Every structure is written in structure tokens, then in C-alpha cells.
Amino acid sequence: MSTGAVAAPDDVARPRRKRLSDRARAERRLAAMLVAPAAIVMIAVTAYPVVETLILSLQRADLRFPSANKFVGLDNYSAVLKAPVWWQDVGHTLIISVIAVSFQFVLGMLLALAMHRTLVARGLLRSIALVPYGIVAVVSAYSWDYAWGLDSGWIPKLLGLKSDPLSHPFGTYTAIIITEIWKNTPFMALLLLAGLALVSDELHEAAKVDGASAWQRFWRITVPLMKPAILVALLFRTLDEVRIFDVIYIFNQGANGTESISMLNYSTLLDRLNLGLGSAVSVLLFVLVAIIAFIFLKGFGAAAAPGGERA
């Protein structure tokens, strides 16, 4: 048995990088000069608030007592993490986020399938479906606030309610979640519709010939091919819901156990004028958002990669 093996020569010449011409280098320099001003402004506008927030979060900075300002290190973070209100607001935020995003995903998928499969008035259906997302968030929140009002709203009259549904936690949670679902389901559907466009009709026809049911075709063909779009849609909407503020503020400013992390940040900064603690809450909210994004990308990103393998 021959043990000789063809070995790749070690001295195989690697292809040299193509040398740029003087004209190409001049064009790159010109492109850098044209882009540099905008890039510098964007970095400065983004970096300054971030750096200032980090600096303030390490100080005792209270506008009510400016003479008492001093460096306290991580004391602000310790105070926030030890406060029961922080963990309560994290719980409120996660409850709203999980329920709202779950309903948005299911309804968004149904809406995307309807917009993708309909043959009559497809453009009209898509235009009508996207109307809620085109409405300003504050206007949408005020509209639903009036709709849930005991005296001014049609929902209590429709349900025959005798008490204000926004006067207790269950009714307030329900109103906030329904408002978020109505407003943002079209955006979820739009992202999922882009994923449906990547699914080949030939695969469905072949599976149909093989005897696969509509549910089997959807679960075994459509969903696997849509995983990248599903990941993006769930990630975007989850991060937005975790930072929810406007709907809660307009409904009841966080009363009845619905205060979110953003509401806590707002009240600490603008009501209590405590820049140190407020900045610490901002940084912790940013860290929470980063952790959620990391979990999505690591936990679901592998399944969304081609072949279901981690890139």
C-alpha cells in the first residue's frame, strides 16, 4: 500500500494584491475628504452624550444641590440595582414587551401572508394595513386613551363597563398592550413580508405534489427560509418595546404598576433632577438592551444562518 501522498507545495505563490493606480488612490482620498465632515459630526453628536452620561453616572450630580456634586464611583449603580423600584419596573417592562411582541409576531405573520398571497387589490390592502404604523406614536396613544376613557371612549360602552378600565392594573396593561399591537403590527408584517418574498413558490408546489398539507408546507418550508427575517423583526420590535415610554406616559404616567424603565429614567432625571442616578438608569437600560440583542443574535442567529449552523 503506497503511503505517498500528494502534498501541497509550501512555496505556492500567493496572489499579489492588485496595486492601486494613482487615479484610484486620488479617488479614495477625495471620497474620504467628502465623507469625513459628516462622519466627524455624527461621531461627535453620538459620542458626546454617551461620554457625558457615563461621567454623570459616576458622580453625585443633583441639580437641587449643585454644591454637593462629587465623584462617587459606582455608588449610583449600586443604589439603582438595590432599589426595589428598579426590579419592579424591569418586570413591568418585560411583561409588556413579551406579550406585545408575541401578539405582534402572530398577527404580523398573518397579515404578511395575506398581503403576500392576495391576488385582488394587493396594493390597496398593503396601503390600508400600513396606516397605523404611519400615525405618529403620540397621536396613536392619545386616540386609544380617549377610546378607553369611561366618559369619552367607545370601548367601555361596547363592553358595558361601569368603571374606568384604566383605574386598575389589568385594564391599564390591556390598554397599553393593545395600543402597542395596533400601532406596530404593520411594521412587523412589513419585515416578515420581505422574508416571504425570499420563499420560492416552486418549493411549495413540489411539497404540495408530495402530499404535504398547508401547515406542513408553512412550518417546514416557509418558516425555515424566513428565519433571518423573523430574527430581524423580533429583535427590532423587542428592543423598541423594552424602551417603551410614550404610550405609558400618555395613558397614566406609570400608575397602576405599569411604570417602565424609561419612565423611571424620565422621572429620575426630570422630576427629581438627579442627573447622577438618572444617568445610571440610562446606562443600565442600554446594557439591558445590549444583553437582549446579544441573546437574540447568539441564541437565534445560529438557526437563522444558512444551513442552521453558527457562522
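Only a predicted model underlies this, so the values are computations on that prediction, with no experimental measurement involved.

What follows concerns a nonpolar patch on the surface. A contiguous nonpolar surface patch, about 690 Å² in accessible area, is contributed by Leu-94, Ile-95, Val-98, Ile-99, Phe-103, Val-106, Leu-107 and Leu-110. Topologically, Phe-103 is positioned in helix H3 (residues 84-117).

The subject of this paragraph is the layout of surface pockets. When its volume is computed, the largest pocket comes out at roughly 280 Å³. As for the largest pocket, its lining consists of 13 residues, and the residues nearest its centre are Arg-117, Asp-201, His-204, Arg-217 and Thr-222. Looking at the lining of the largest pocket, the elements that each hand over two or more residues are H3, helix H9 (201-209) and helix H10 (214-242). Grouping the amino acids of the lining of the largest pocket by side-chain chemistry returns five nonpolar, three polar and five charged.

A word on the nonpolar core. Judged by nonpolar contacts, the single largest core of 21 residues is most densely connected at Val-80, Trp-86, Leu-239, Val-242, Ile-261 and Ile-292. Residue assignment for this core shows that the elements contributing at least two residues are helix H2 (75-82), H3, H10, helix H12 (261-271) and helix H13 (275-299). In this view, Val-80 contacts Trp-86, Leu-277, Ala-280, Val-281 and Leu-284; residues no more than four positions away in its chain are not counted. Within the second largest apolar cluster, 20 residues are counted, among which are Val-101, Ala-112, Val-199 and Met-226.

This part takes up the environment of Asp-89. By secondary structure assignment, the location of Asp-89 is in helix H3. Between the alpha carbons of Asp-89 and Leu-264 there is a distance of 7.5 Å; along the sequence they are 175 residues apart. Dropping the residues within four chain positions of it, Asp-89 is found in contact with Glu-259, Ser-260, Ile-261 and Leu-264.

As a further point, take the packing of aromatic side chains. For the structure on display, the rule yields nine aromatic pairs. Taking 5.3 Å as the distance between ring centres and 50° as the angle between the ring planes, the aromatic pair formed by Phe-245 and Tyr-266 counts as tilted. Taken together, the residues Phe-245 in the loop between H10 and helix H11 (246-251) and Tyr-266 in helix H12 connect sequence positions 21 residues apart. Judged by its relative accessible area of 25%, Phe-245 is partly exposed. Residue classification places Tyr-266 among the partly exposed positions, given a relative accessible area of 24%. Ring centres of Tyr-249 and Tyr-266 lie 5.4 Å apart, and the angle between their planes is 70°; on these two criteria the pair is classed as edge-to-face. One end of the pair, Tyr-249, is in helix H11; the other, Tyr-266, is in helix H12, and 17 residues separate them in sequence. Among the aromatic residues, those joined into a ring-pair cluster are Trp-215, Phe-218 and Trp-219.

A packed helix pair is summarised by two numbers, namely the angle formed by the two axes and the spacing between the axes. Look at H9 against H10: their axes get within 10 Å of each other, and the N-to-C directions meet at 160°. Taken together, the axes of H9 and H10 are roughly antiparallel relative to one another. Classified by chirality, the crossing of H10 by H9 is right-handed. On the side of H9, the interface is formed by Leu-203, His-204, Ala-207 and Lys-208, while H10 contributes Arg-217, Ile-221, Thr-222 and Leu-225. Classifying every residue of the contact of H9 with H10 gives four nonpolar, two polar and two charged.

Following the criterion strictly, the structure yields six salt bridges and no others. Across the salt bridge formed by Arg-23 and Glu-27, the nearest N and O atoms sit 3.4 Å from each other. Residue Arg-23 and its partner Glu-27 are both found in helix H1 (residues 22-57); the two are separated by four residues, about one turn of the helix. Across the pair Asp-240 and Arg-243 runs a salt bridge whose closest N-O atoms are separated by 2.6 Å. By relative accessible area, which is 32% here, Asp-240 ends up partly exposed. By relative accessible area, which is 41% here, Arg-243 ends up partly exposed. It is possible to trace a salt-bridge network through shared partners that takes in Glu-180, Arg-237, Asp-240, Glu-241 and Arg-243.

Secondary-structure assignment places Ser-97 in helix H3. A distance of 3.4 Å separates a polar side-chain atom of Ser-97 from the backbone oxygen of Glu-241. Excluding its chain neighbours within four sequence positions, the residues that come into contact with Ser-97 are Glu-241 and Val-242.

Attention shifts here to the confidence of the model for the chain. For the chain, the mean per-residue pLDDT works out to 84, and 89% of the residues sit at or above 70. Across the chain, H2 holds the top mean pLDDT of 92, while helix H14 (residues 301-304) sits lowest at 56. Confidence drops under a pLDDT of 50 for residues 1-5, and excluding neighbours within four residues, the segment shows zero contacts in the predicted structure.

For H2, every residue scored as buried is listed here: Asn-76, Tyr-77 and Val-80. Considered in projection along H2, the buried side chains sweep an arc of 100° and stay on one side of the axis. Looking at the buried residues of H2, the elements they touch are H1, strand S1 (59-60), H3 and H13.

Definitions and limits used
- Residues numbered from 1 in each chain as written.
- Predicted model: local features only at pLDDT ≥ 70, side-chain atom pairs only at ≥ 80, totals over all residues.
- Heavy atoms only, no water.
- Patch = residues over 30% accessible without salt bridge, like charges linked within 9 Å, V, L, I, M, F, W, Y side chains within 5 Å.
- Areas by Shrake-Rupley, 256 points an atom, 1.4 Å probe, with all protein chains shown as cover.
- Salt bridge = Lys/Arg side-chain N within 4 Å of Asp/Glu carboxyl O.
- Helix = DSSP H or I, 4+ residues; strand = E, 2+ residues; numbered from the N terminus.
- 1 Å grid on protein atoms, 1.4 Å probe; cavity = no way out; pocket = protein on both sides within 12 Å on 5 of 7 lines; lining within 4 Å.
- Points joined across faces, edges and corners; volume = space filled by probe spheres on them.
- Nonpolar A, V, L, I, M, F, W, Y, C, P; charged D, E, K, R; others polar.
- Core = buried A, V, L, I, M, F, W, Y, C linked by side-chain atoms within 4.5 Å.
- Buried < 20%, exposed > 50% of the residue type's maximum accessible area, 1.4 Å probe, protein only.
- Contact = heavy atoms within 4.5 Å.
- Phe/Tyr/Trp six-rings, centres within 6.5 Å; stacked < 30°, edge-to-face > 60°.
- Axes fitted to C-alpha atoms, helices over the stretch in contact; angles between N-to-C directions.
- Parallel < 35°, antiparallel > 145°, perpendicular 65-115°, else oblique.
- Left-handed = near helix turned anticlockwise from the far one by under 90°.
- Polar contact = N/O pair within 3.5 Å; in protein donor to acceptor, adjacent residues only side chain to side chain.
- pLDDT = per-residue confidence, 0-100.
- Arc of directions from axis to C-beta.

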